[in-house]
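# Examination of the molecular architecture
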Amino acid sequence: MHNRRSLWQGRLARGLGLLFFAALWVFTATNIGAQGDKEDNVLQGKAIFGQNCSTCHTMGRGALVGPDLQGVTAKREESWLRVQIKAPSVLRAQNDPIARSNFEKFGIRMPDLGLTEQQVEAVIAYLKTAEPAPVSTPAQYFPTLPIGMLAIVGLTLIGLIAG
């Protein structure tokens, strides 16, 4: 009977260990894939910004021909930014007060750049990276909490079963 019980405990411990490592693999693979896509989008946005925007705008180095865009995603709604980046002439035609104010301040109108929706989204993703860092746990470290908890619970269960 003792042998049957230890055989059952051994299988349970192996099963829990396998479950633990499978869960760890899923959490890690999901986080790496999502983070990689987001980083690719930001890098694409940075390149587009460098090619199309940096002649007139900076990110945290003051105004040039146009406004400094540091923190712009916190000041403006994303829907407004999409239109402003893709087709600023639409906002001028609507007599948008922000576009009008920028023209009065800088004396030049932003041209339509002919960017695709995907390029506009990438630029916005890049603009978001220039935000002042919030006082919180960075998203890339968030999955470590459930992984750590799984490790503690898994090792505790294995220790209780084996011991």
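To start, this report covers the structure provided alongside it. Just so you know, these numbers come straight off a predicted model, no measurement behind them.

## Thoughts on the overall build of the protein
Helix and strand counts for the protein come out as seven helices and zero strands. Walking the protein from its N terminus toward its C terminus, one meets helices and strands in the order α-α-α-α-α-α-α. Counting over 163 residues, the protein shows a buried share of 23%. Across the protein, contacts joining residues at least 24 apart in sequence account for 67% of those joining residues at least 6 apart. As displayed, the protein offers around 11200 Å² of accessible surface, 63% of which is attributable to carbon and sulfur atoms.

## Brief notes about the nonpolar core
The biggest cluster of nonpolar side chains holds 21 residues, and the ones touching the most others in it are F49, M59, L69, I85 and L127. Ranked by residues supplied to this core, first place goes to helix 6 (residues 117-129) with seven residues. Other than its neighbours up to four places away in sequence, L69 contacts F49, H57, T58, M59 and L127.

## Re the packing of aromatic side chains
Taken as a whole and judged by the stated rule, the model has one aromatic pair. Here the aromatic rings of F49 and Y126 are separated by 5.4 Å at their centres, their planes lie at 55 degrees, and the arrangement is tilted. Of this pair, F49 sits in helix 1 (residues 2-52) while Y126 sits in helix 6, placing them 77 residues apart in sequence. Residue class for F49 comes out buried when judged on its relative accessible area of 5%. Residue class for Y126 comes out buried when judged on its relative accessible area of 13%. We note R76 situated over the ring of W80; from NZ or CZ to the ring centre the distance is 5.7 Å. The aromatic ring of F103 is capped on one face by R109, whose charged end is 4.1 Å from the ring centroid.

## Notes on helix 3 (residues 78-86)
Of the residues making up helix 3, those classed as buried are W80, L81, Q84 and I85. Buried residues along helix 3 cover an arc of 125 degrees about the axis, so they all sit on one side. If you follow the buried residues of helix 3, they end up packed against helix 2 (72-75), helix 4 (88-93), helix 5 (97-106) and helix 6.

## Some details on unusual backbone geometry
Despite not being glycine, N95 shows a phi value in the positive range, around 55 degrees. In this structure, N95 sits in the loop between helix 4 and helix 5.

## Focus on the side chain of D96
By secondary structure assignment, the location of D96 is in the loop between helix 4 and helix 5. Of the side chains with opposite charge, R76 lies nearest to the buried D96, which makes no salt bridge, at 7.2 Å. Engagement of the side chain of D96 in a polar contact is seen with the backbone nitrogen of I98, the distance being 3.1 Å. Other than its neighbours up to four places away in sequence, D96 contacts W80 and L91.

Thresholds applied
Residues numbered from 1 in each chain as written. Predicted model: local features only at pLDDT ≥ 70, side-chain atom pairs only at ≥ 80, totals over all residues. Heavy atoms only, no water. Helix = DSSP H or I, 4+ residues; strand = E, 2+ residues; numbered from the N terminus. Buried < 20%, exposed > 50% of the residue type's maximum accessible area, 1.4 Å probe, protein only. Contact = heavy atoms within 4.5 Å. Areas by Shrake-Rupley, 256 points an atom, 1.4 Å probe, with all protein chains shown as cover. Core = buried A, V, L, I, M, F, W, Y, C linked by side-chain atoms within 4.5 Å. Phe/Tyr/Trp six-rings, centres within 6.5 Å; stacked < 30°, edge-to-face > 60°. Lys NZ or Arg CZ within 6 Å of the ring centre and 35° of its normal. Arc of directions from axis to C-beta. Lys, Arg positive; Asp, Glu negative; His and termini not counted. Salt bridge = Lys/Arg side-chain N within 4 Å of Asp/Glu carboxyl O. Polar contact = N/O pair within 3.5 Å; in protein donor to acceptor, adjacent residues only side chain to side chain.

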